[in-house]
Amino acid sequence: MNNELSAPHQGLSAPHQGSTGPRQGSTGPHEGLYVPRGSAADAEHVLAIDPKRAGWTYSSLRIVELPPGGGHTLLAGDSEWIVLPLSGGCTVHVEDQVFQLLGREDVFASVTDFAYVPRDTRAQIASGAGGRFALAGAKCERRLPARYGPAPEVPVEHRGSGTCARQVRNFASADAFDCDKLIAVEVITPGGNWSSYPPHKHDEHRPGEESELEEIYYFEIAGPNGFGYQRVFPSREGGADVLAEVRSGDTVLVPNGWHGPSVAQPGHDMYYLNVMAGPGETREWRICFHPDHVESTGGYR
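Everything in this summary refers to the structure shown in the same document. Since the model is a prediction, treat every value here as computed from it, not as a measurement.

In this section: the side chain of Arg147. Summarising the element assignment, Arg147 is placed in strand β10 (residues 147-149). Although Arg147 is buried, it makes no salt bridge; Asp178 carries the closest opposite charge, 4.9 Å away. A polar contact is formed between the side chain of Arg147 and the backbone oxygen of Pro145, at a distance of 3.0 Å. A polar side-chain atom of Arg147 sits 2.8 Å from the main-chain carbonyl oxygen of Asp178. The contacts of Arg147, once residues within four sequence positions are left out, are Phe99, Phe114, Ala115, Tyr116, Phe177 and Asp178.

Right under this line is the structure:
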């Protein structure tokens with residue numbers, strides 16, 4: 001394996017007794033890029049990542065857990081949002097519209113319907129049976145109309161082959177659903193496979209070649225005791241450098257740098273939600289593959 005994919009040497013402590021290994025391999029200025037489950041919770045969210053917490057400008061992600069009959073008020077502020085059921089269904093009341101989201105049993109079961117909430121408004125989320133809901137957001141300028149995203153219209157892409165095969169659910173990719181800044185997709189990686197591979201980046205604006213996008217990875221792993229690994233390594237002096245063992249509810253922030261692979265433990269499928277946004281005038285996902293890995297992989301196959 002190319003040595004740029006190997007773990008940072010500092011911060012890899014010996015496993016605790018009964019543990020499968022270290023949870024985090026980043027230290028110093030990069031330590032906050034790995035966000036263990038529960039470490040970024042607040043009074044209303046089990047996960048609350050906003051630009052201030054992440055140290056960037058655009059991308060946000062909140063996770064809400066509602067009991068049966070529970071509700072949550074989303075104040076959009078200067079950001080656009082997508083309400084995405086992770087488990088269970090809900091209604092979303094926004095302005096003069098009500099969207100009934102059927103949702104799903106869990107993230108591995110299927111794609112889901114979703115609701116778009118524009119900036120400068122308030123949305124009320126209510127769930128009769130309870131559930132878990134992702135609120136993916138991006139600071140934006142245009143105010144687009146509130147909309148419903150039907151599950152059957154979500155484009156599903158089978159990307160890669162062999163041990164790099166994965167399923168990509170492009171529910172809010174740049175060419176699938178209209179937003180001002182927000183780009184969001186889900187990825188299912190079968191147990192034992194790699195995804196986000198070959199390593200790639202999107203941390204500078206090069207017209208027609210690369211977009212500048214901040215990115216959030218939110219993980220869930222199928223089955224008890226499942227885990228995976230996420231690698232981010234520098235594309236510039238002092239850039240992001242992380243090797244994290246990830247479990248359900250963990251998050252990795254990618255402000256810059258080459259990222260990938262995302263590695264799924266054999267026997268445990270891996271899910272991650274990617275939330276991206278950036279300063280470009282055109283909302284687009286353009287990436288650059290790491291040159292050391294293109295010849296052997298040919299990019300996404």
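This part covers the pairing of strand β9 (residues 131-139). In terms of burial, β9 is largely enclosed, as 7 of its 9 residues are buried. Bridge analysis of strand β3 (residues 59-66) against β9 gives 8 bridges, and the strand direction is antiparallel. Within the sheet, the bridge partner assigned to Ser60 lies in β9 and is Gly137. The pairing of strand β5 (residues 79-94) with β9 spans 8 bridges and is antiparallel. By the bridge assignment, Glu80 is partnered in β9 with Ala138.

What is expected of a backbone is that most residues other than glycine have negative phi and most peptide bonds are trans. Look at the link from Tyr197 to Pro198: it is a cis peptide, with omega at 5 degrees. Structurally, Pro198 is set in the loop between β14 (194-195) and β15 (200-201). Gly260 connects to Pro261 through a cis peptide bond whose omega is 5 degrees. Here Pro261 shows up in strand β22 (residues 258-264). Not every positive phi belongs to a glycine, and Asp120 is a case in point at roughly 60 degrees. With relative accessibility at 46%, the residue Asp120 sits in the partly exposed group.

Each value, and the rule that gives it
Residues numbered from 1 in each chain as written. Predicted model: local features only at pLDDT ≥ 70, side-chain atom pairs only at ≥ 80, totals over all residues. Heavy atoms only, no water. Helix = DSSP H or I, 4+ residues; strand = E, 2+ residues; numbered from the N terminus. Buried < 20%, exposed > 50% of the residue type's maximum accessible area, 1.4 Å probe, protein only. Lys, Arg positive; Asp, Glu negative; His and termini not counted. Salt bridge = Lys/Arg side-chain N within 4 Å of Asp/Glu carboxyl O. Polar contact = N/O pair within 3.5 Å; in protein donor to acceptor, adjacent residues only side chain to side chain. Contact = heavy atoms within 4.5 Å. Pairing = 2+ DSSP bridges.

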